[in-house]
Amino acid sequence: MSTYKRVHNFNAGPSILPEPVLLQAQAEMLDYQGTGMSVMEMSHRSKEFEAIIQTAEADLRELLGIPQNYKVMFLQGGASLQFAMLAMNLRPAGASADYIVTGAWSRTALKEAQKLGATRVVFNGEGENFTRLPEPAELQFDPNAAYVHFCHNETIHGVEFKSEPVVPEGVPLVCDMSSDFLSQPVDVSKYGLIYAGAQKNAGPAGVTIVIIREDLLARVPEKMPVMLDYKVLAESGSLHNTPPCYAIYITGLVLKWLKNLGGLNAMYEINREKSEMVYRAIDESGGYYRGHARPEARSIMNIPFRMASEELEDLFVKEAKKADLIGLKGHRSVGGLRASLYNALPVASARALVEFMKDFQQRHG
């Protein structure tokens, strides 16, 4: 019987995948369900792969309760391509779009949209170092905006919306959900478009999931480059060209794993348990560890925190790695420390981190 080592993986993305998913992929690597081929080797036009992608879509629809008047696409290019692609598809010539900027990723989305047309910033938390979310009274939307864009969870700064912004009637709400996608239930009907890079909670890097309300496809301009055209990609069932087949296959296994776990309500309770455990360790440290986000805005997925000095933070990361706690260094743009508690991270890993934090403080406090 083979043995293998698994670390406590707090990487922010690509991130930890469920162990049962990896084991199933391992078992099917050389021969997927009697085909004599790996999924990496089979035609994306084959009935076997069509069954894989269609099942993945059906399971995603079931988990999120996606209404029938929404299309699901499995695309490439990451969420970063969607920053430009959604503006190209959904913002008519001469129109403007509203942006809520609560962290590094919504700021990047804004910058990409600004290159392609008119934008309007309705909130920007940069002056407060992205520690909070806007109050409803701060959000004065343009009733004629092509769409309102926000990021549900900021991976770098660790702030997460607890409810959707209320936008003017008829204005589509567009959301980057990359880092908390499938971590909790979502009312998809409140959105015009949701997009998410899979490599946090849904699967490996290489596939981006886009969920779009069908009526918005009528906005796609004529002569759009075909690989950037939502209408073409939606009508082809994500098979206009060769999709990221193996990444979609793994994503499909993750969706099955989530269903077997009890769905998104069950997943949310597990995620809350993990995050509350780590935040409690921070709050009860007497200031030895300092959380970045204000308590009311805290993410259940990404927990950035600081210590008294960069030297102490470097030592924390070094000693944590020796204890098999991996991926705790903060994003290069902000420094510090960060624990990403994605769906596949076991509760035991969060507990191991808390125990290490307490031990480290005792030894170096």
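First things first, this report covers the structure right here in the doc. (Residues numbered from 1 in each chain as written. Predicted model: local features only at pLDDT ≥ 70, side-chain atom pairs only at ≥ 80, totals over all residues. Heavy atoms only, no water.)

Description of the overall build of the chain
Keep this limit in mind: Per the convention used, a helix needs a DSSP run of H or I reaching at least four residues, while a strand needs a run of E reaching at least two, with both numbered from the N terminus. Only protein chains enter the accessibility calculation, which uses a 1.4 Å probe; a residue whose area is less than 20% of its type maximum is buried, one above 50% is exposed, and one in between is partly exposed. Two residues form a contact once any of their heavy atoms are found within 4.5 Å. Where accessible areas are quoted, they stem from the Shrake-Rupley method and a 1.4 Å probe; at the residue level, only the protein chains shown are allowed to cover. Neither His nor the chain ends contribute to the count of charged residues, in which Lys and Arg are positive and Asp and Glu negative. Think of each charge as sitting on NZ of Lys, CZ of Arg, CG of Asp or CD of Glu.
When helices and strands are counted, the chain shows nine helices and twelve strands. Overall size of the chain, expressed as C-alpha extent along the three principal axes, is 65 × 60 × 30 Å. For the chain, the proportion of its 365 residues judged to be buried stands at 54%. Of all intrachain contacts in the chain linking residues separated by at least 6 positions in sequence, the fraction that spans at least 24 positions is 69%. Accessible surface for the chain amounts to roughly 16000 Å². Of this, 51% is attributable to carbon and sulfur atoms. Here the chain contributes 37 positive and 42 negative side-chain charges, whose respective centroids are spaced 3 Å apart.

Some points on the sheet that holds strand S12 (residues 337-340)
As a reminder, the rule being used: At least two DSSP bridges between two strands are required for those strands to pair. The angle between two axes is taken between their N-to-C directions and runs from 0 to 180 degrees, where each axis is a line fitted to C-alpha atoms and a helix contributes only its stretch in contact.
Reading across the sheet, the three strands line up as S9-S10-S12 and stay open at both edges, with antiparallel pairing between neighbours. The open sheet is flanked by strand S9 (290-291) and S12, the only strands paired with a single partner. Against the sheet, helix H7 (residues 264-283) contacts S9 and strand S10 (302-306), and its axis sits at roughly 10° relative to S10.

Digging into the packing of aromatic side chains
Put simply, the test is: Only centres within 6.5 Å qualify two rings of Phe, Tyr or Trp (six-membered ring in Trp) as a pair; their planes then separate them into stacked at under 30 degrees, edge-to-face at over 60, and tilted for everything else.
Summed over all chains, the structure comprises 13 aromatic pairs. Judged by centre distance (6.2 Å) and plane angle (75°), the rings of Phe-83 and Tyr-195 are edge-to-face. Taken together, the residues Phe-83 in helix H3 (residues 78-90) and Tyr-195 in strand S7 (residues 193-197) connect sequence positions 112 residues apart. Taken together, a centroid distance of 6.3 Å and an interplanar angle of 15° make the contact between Phe-150 and Tyr-191 stacked.

A look at the packing of helix H1 (residues 19-27) against helix H6 (residues 245-261)
Convention followed: The labels follow the angle: roughly parallel below 35 degrees, roughly antiparallel above 145, roughly perpendicular from 65 to 115, and oblique for the rest. For any pair of crossing helices, the crossing counts as left-handed if the nearer helix is rotated counterclockwise from the farther one by less than a right angle, and right-handed if it is rotated clockwise. Each residue gets one label: Ala, Val, Leu, Ile, Met, Phe, Trp, Tyr, Cys and Pro are nonpolar, Asp, Glu, Lys and Arg are charged, and the others, such as Gly, are polar.
Running from amino to carboxyl end, H1 crosses H6 at an angle of 130°, the nearest separation of the two axes being 9 Å. Taken together, the axes of H1 and H6 are oblique relative to one another. Considering only the axes of H1 and H6, their crossing is right-handed. Across the interface between the two elements, Pro-20, Val-21, Gln-24 and Ala-25 from H1 touch Tyr-246, Tyr-249, Ile-250, Leu-253, Val-254 and Trp-257 from H6. Here the residues of the contact of H1 with H6 are counted per class, giving nine nonpolar, one polar and no charged.

Details of the environment of Leu-17
Tracing the backbone shows Leu-17 in the loop between strand S1 (8-9) and H1. Not counting residues within four places of it along the chain, the set of residues in contact with Leu-17 comprises Arg-6, Leu-22, Gly-203, Pro-204, Ile-250, Val-254 and Ala-344.

Some words on a nonpolar patch on the surface
Let me state the cut-off plainly: Residues forming no salt bridge and having over 30% relative accessible area are the ones grouped into patches, like charges within 9 Å of each other and nonpolar side chains (Val, Leu, Ile, Met, Phe, Trp, Tyr) within 5 Å. Any carboxyl oxygen of Asp or Glu within 4 Å of a side-chain nitrogen of Lys or Arg constitutes a salt bridge here.
A contiguous nonpolar patch, built from Met-29, Leu-30 and Met-40 and spanning about 330 Å² of accessible area, is present on the exposed surface. With respect to the helices and strands, Leu-30 occurs in the loop between H1 and helix H2 (47-64).

Some thoughts on helix H9 (residues 347-364)
Definition in use: Expected span, for any helix, means 1.5 Å times one less than how many residues it has.
For H9, spanning 18 residues, the distance from its first C-alpha to its last is 26 Å, which sits close to the expected 26 Å at 1.5 Å a residue. Of all the positions in H9, only Val-347, Ser-349, Ala-350, Ala-352, Leu-353, Val-354, Phe-356, Met-357 and Phe-360 are classed as buried. At its buried positions, H9 is contacted by S1, H7, S10, helix H8 (310-322), strand S11 (325-326) and S12.

Let's talk about the environment of Glu-311
Residue placement: Glu-311 occurs in helix H8. Separated by 53 residues in sequence, Glu-311 and Leu-258 place their C-alpha atoms 40 Å apart.

A look at the sheet that holds strand S6 (residues 173-176)
Pairing is mixed across the open sheet formed by seven strands, whose spatial order is S2-S8-S7-S6-S5-S3-S4. Taken across any chain shown, the strands that pair with only one partner, and hence form the sheet edges, are strand S2 (70-75) and strand S4 (118-124). Neighbour-to-neighbour, the strand axes of the sheet open up by a mean angle of 15°, direction not taken into account. The pairing of strand S3 (residues 96-101) with S4 spans six bridges and is classified as parallel.

What to know about unusual backbone geometry
The peptide bond linking Gly-13 to Pro-14 adopts the cis configuration, its omega dihedral lying at -5°. One can find Pro-14 in the loop between S1 and H1. With phi around 70°, Leu-182 is a residue other than glycine that occupies positive phi space. Within the fold, Leu-182 resides in the loop between S6 and S7. Even without being glycine, Asp-324 reaches a positive phi, approximately 65°. With respect to the helices, strands and loops of the structure, Asp-324 is situated in the loop between H8 and S11. Among the residues examined, Asp-324 registers a relative accessible area of 26% and is labelled partly exposed.

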